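Spelled out from the first residue to the last, the chains are:
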Amino acid sequence: MSKKVILSNDYSHNEELRLIINNLPEAFASGKGELLYDKRNKIRRFQLTSGDVVIVKQYKKPNLFQKICYSTFWKNKAKKAFFFGEKLLAMGIDTPKPIAAVTYTSWLGCVERYYFASSENSHPDCLILRDGEMENPKPLADALMKFIILLHEKGFLHGDTNLSNFLYEKNEDGTYHFSVIDTNRSQFLSRPATKQESLANLIRLTHKRSLLCMLIRSYASQRGWNEQAAENTVLRLIEKREKKKKMLSKLK
């Protein structure tokens, strides 16, 4: 297989990093680094002698249709994650710094495997709103919604607004700072998101209905929108999405 590496200029002179990046299939196969996640995708953590930490995501092998598309007119997920990360940082939106995107192709030119490397952000994710024991979750919920409003106003629609894809840090003054991860399915608009686009972007926040409604109402309130109408809109969109999923499941 041939290999194509997109490497951030900030890391181009780090020989130890280059050695890891140039041998990712072997590193994952031999169990090098610390395994952080092992499901559809795999994530490993590599500690450099300099003290820097590199997080590498090995994406699931593409199917035949994806191989053809990624080899012709689509950017694969690793490339999207790299370029989206750079774009987000340029927009002032915090996300782990992209380090590299590595693509392996067969001798026929078909994409076979791809990896994305980034800096580490070890802050907790917002699943604490769903699973944690917070005495008063509303301040964090309101702050998260304020952050998502900012994203929408900047024209950024996260491709998977699951609470696990928002990391948070509480500042000394009690305010919150957020970062986004897993952005490769996202959209960048050349304008602020419309009301319909914004509400549609909230449907994946959580399956916990009471929490979802609280988040939607917080979002709507901060935008000066009717809270009940916003909640009804999102719930209708979820119902429509579930019906579509059931129909596709039956067809399969």
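One can find the structure itself at the top, above this paragraph.
What counts, and at which threshold
- Residues numbered from 1 in each chain as written.
- Predicted model: local features only at pLDDT ≥ 70, side-chain atom pairs only at ≥ 80, totals over all residues.
- Heavy atoms only, no water.
- Salt bridge = Lys/Arg side-chain N within 4 Å of Asp/Glu carboxyl O.
- Helix = DSSP H or I, 4+ residues; strand = E, 2+ residues; numbered from the N terminus.
- Buried < 20%, exposed > 50% of the residue type's maximum accessible area, 1.4 Å probe, protein only.
- Contact = heavy atoms within 4.5 Å.
- Pairing = 2+ DSSP bridges.
- Axes fitted to C-alpha atoms, helices over the stretch in contact; angles between N-to-C directions.

Trainee: When you look at the pattern of salt bridges in this model, what are you seeing that I'm missing?
Mentor: Oppositely charged side chains may form a pair once their charged atoms are brought near each other. Overall, the coordinates contain 13 salt bridges when judged by the stated rule. Residues Arg45 and Glu120 are paired through a salt bridge, measuring 2.7 Å at the closest nitrogen-oxygen approach. Of this pair, Arg45 sits in strand E3 (residues 42-47) while Glu120 sits in the loop between strand E6 (111-118) and helix H5 (128-131); the two residues are 75 residues apart in sequence, bridging distant segments of the chain. For Glu120, a relative accessible area of 33% gives the class partly exposed. As a salt-bridge pair, Glu239 and Lys243 come within 3.7 Å of each other at their nearest N and O atoms. Remark: Lys243 and Glu239 occur in helix H9 (residues 227-251); sequence separation between them is 4 residues, near one turn of the helix. Look at Glu239 and you get partly exposed, because its relative accessible area is 45%. Residues participating in the shared-partner salt-bridge network are Glu34, Arg45 and Glu120.

Trainee: Whenever I open this one, the side chain of Glu231 confuses me. Can you help?
Mentor: You can see Glu231 is positioned in helix H9. If we ignore the near neighbours within four places in the chain, the residues touching Glu231 are Cys213, Ile216 and Arg217.

Trainee: Hey, could you run me through the pairing of strand E9 (residues 176-180) in this one?
Mentor: If a strand is regular, its side chains alternate between the two faces of the sheet. Most of E9 sits inside the fold, with 4 of its 5 residues counted as buried. The pairing of strand E8 (residues 166-170) with E9 spans 5 bridges and is antiparallel. Counterpart to Phe166 in the pairing with E9 is Val180. Turn length for the E8-E9 hairpin, with the two strands adjacent in sequence and antiparallel, is 5 residues, and the turn residue Gly174 shows positive phi of about 90 degrees.

Trainee: Sorry if this is basic, but what is going on with the sheet that holds strand E5 (residues 98-105) here?
Mentor: Across a sheet, strands are paired by hydrogen bonds formed along the backbone, either parallel or antiparallel in direction. In spatial order, the strands read E1-E5-E6-E4-E3-E2; together these 6 strands make up an open sheet with antiparallel pairing. Sheet topology places strand E1 (2-7) and strand E2 (34-38) at the edges, where each strand pairs with a single neighbour. Strand-to-strand twist of the sheet, defined as the mean angle between neighbouring strand axes without regard to direction, takes the value 20 degrees. Note that E3 and strand E4 (residues 53-58) share 6 bridges and pair antiparallel. When the sheet's bridge partners are listed, Lys42 is paired in E4 with Gln58.

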